[in-house]
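Fold and geometry: a report
Here is what each chain is made of, one letter per residue.
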Amino acid sequence: MAHTRIYTLDPSLVPSEPRGGGLSLRAWDATSDADAQTWLRGCLDPDFQRWNTPLKPWTDLTGARESLRARARDAADGRSASFRITDDESGAALGHVGVNEISLPMKTARVGYWVLPEARGRGVATRALLLATRWACAELGLHRLELGHAVGHEASCRVAERSGYRAEGTLRGAMFEAGRHDAFRDVHLHARLATDEEPAPPGPR
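Residues numbered from 1 in each chain as written. Predicted model: local features only at pLDDT ≥ 70, side-chain atom pairs only at ≥ 80, totals over all residues. Heavy atoms only, no water.

For the rest of this paragraph, the subject is the confidence of the model for the protein. Mean pLDDT over the protein works out to 91, with 91% of the residues at or above the 70 mark. Taken as a whole, residues 1–13 scores under 50 in pLDDT and shows 15 contacts with residues more than four places along the chain or in a different chain. (pLDDT = per-residue confidence, 0-100. Contact = heavy atoms within 4.5 Å.)

What follows is the structure, given as structure tokens:
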């Protein structure tokens, strides 16, 4: 009988708070009302919904908590790592960055992020993505990280480029249209290798 090897993350390799550039990356807590409220607010933000279409839509705190519990299960199984972006000085939650679809055998993953409205325009997404990328390459030994965003999402494209994720082309029909699961749109693909030079982070603004 064939056996399937299950690869999981070594908990000792997962730091509690990757930090730098005035930010800390902290694991989301599905038992925290504050975390669930922040997650709900971020995912219901009109700008988020314009560019992202979750497979399982939800609109309340119960759904937000279940979404965070699902992410915690994925983290425990080594499939992803989800971080709350936090201001190092004030402790305020600023957004989210995730290292998703982790394949330790192939040394690959996909990254994603969003920032709350009040934190935009301050270089938060770029600084957080640089932190998460450094952690994924140094601690998990990943070689290639991919980033995809809907064509036309210029703000996300700028974050990718400032974080050293080179544009590699367009994936046709690779993402759901906003609010729909029966229509598709094109995606810009960016990627960064562990061997690429890391750009300097923008200063906090």
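Past the structure itself, the notes keep going.
For the structure shown, the criterion picks out 16 salt bridges. Of the charged contacts, one joins Arg79 and Asp74 as a salt bridge, the two residues approaching to 2.6 Å between their closest N and O atoms. Classification of Arg79 by relative accessible area gives partly exposed; the value is 41%. Here Asp74 falls in the partly exposed class, since its relative accessible area comes to 26%. (Salt bridge = Lys/Arg side-chain N within 4 Å of Asp/Glu carboxyl O. Buried < 20%, exposed > 50% of the residue type's maximum accessible area, 1.4 Å probe, protein only.)

As a further point, take the environment of Ala75. The residue Ala75 is located in helix α3 (residues 61–76) in this model. Here the alpha-carbon distance between Ala75 and His181, two residues 106 residues apart in the chain, equals 26 Å. (Helix = DSSP H or I, 4+ residues; strand = E, 2+ residues; numbered from the N terminus.)

Leu25, Ile85, Val97, Val99, Leu142 and Leu145 are the most contacted members of the largest nonpolar core, which has 30 residues in total. Counting residues per element, this core draws most heavily on helix α4 (residues 124–139), which supplies nine residues. If we ignore the near neighbours within four places in the chain, the residues touching Leu142 are Val99, Ile102, Ser103, Leu104, Lys107, Thr108, Ala109, Ala136, Cys137 and Ala194. (Core = buried A, V, L, I, M, F, W, Y, C linked by side-chain atoms within 4.5 Å.)

Looking now at the pairing of strand β2 (residues 23–27). Sheet analysis places strand β1 (residues 19–20) next to β2, joined by two bridges and oriented antiparallel. Following the sheet pairing, Arg19 is matched in β2 by Ser24. As consecutive antiparallel partners, β1 and β2 are separated by two residues, and within that stretch Gly21 has a phi angle of approximately 60 degrees, a positive value. In terms of strand pairing, β2 meets strand β3 (residues 81–87) through five bridges, oriented antiparallel. Looking at β3, one finds that Leu25 is bridged to Ile85. (Pairing = 2+ DSSP bridges.)

Within helix α5 (residues 154–162), burial applies to Ser156, Cys157, Val159 and Ala160. One side of α5 carries all its buried residues, which in axial view fall inside an arc of 160 degrees. Buried positions along α5 lie against β5 (108–115), α4, β6 (144–150) and β8 (184–193). Gly164 sits one or two residues past α5 and shows a positive phi near 85 degrees. (Arc of directions from axis to C-beta.)

This part covers helix α1 (residues 33–44). When the terminal C-alpha atoms of α1 are compared, their 16 Å separation across 12 residues agrees well with the 16 Å that a helix rising 1.5 Å per residue should span. For α1, the set of buried residues is Asp35, Ala36, Thr38, Trp39, Leu40, Gly42 and Cys43. On the buried face of α1, the contacting elements are β2, α2 (46–51), α3, β3, β4 (93–103) and β5. The opening residue of α1 is Ser32, an N-cap whose side-chain oxygen sits 3.3 Å from the backbone nitrogen of Ala34. (Expected span 1.5 Å × (residues − 1). Polar contact = N/O pair within 3.5 Å; in protein donor to acceptor, adjacent residues only side chain to side chain.)

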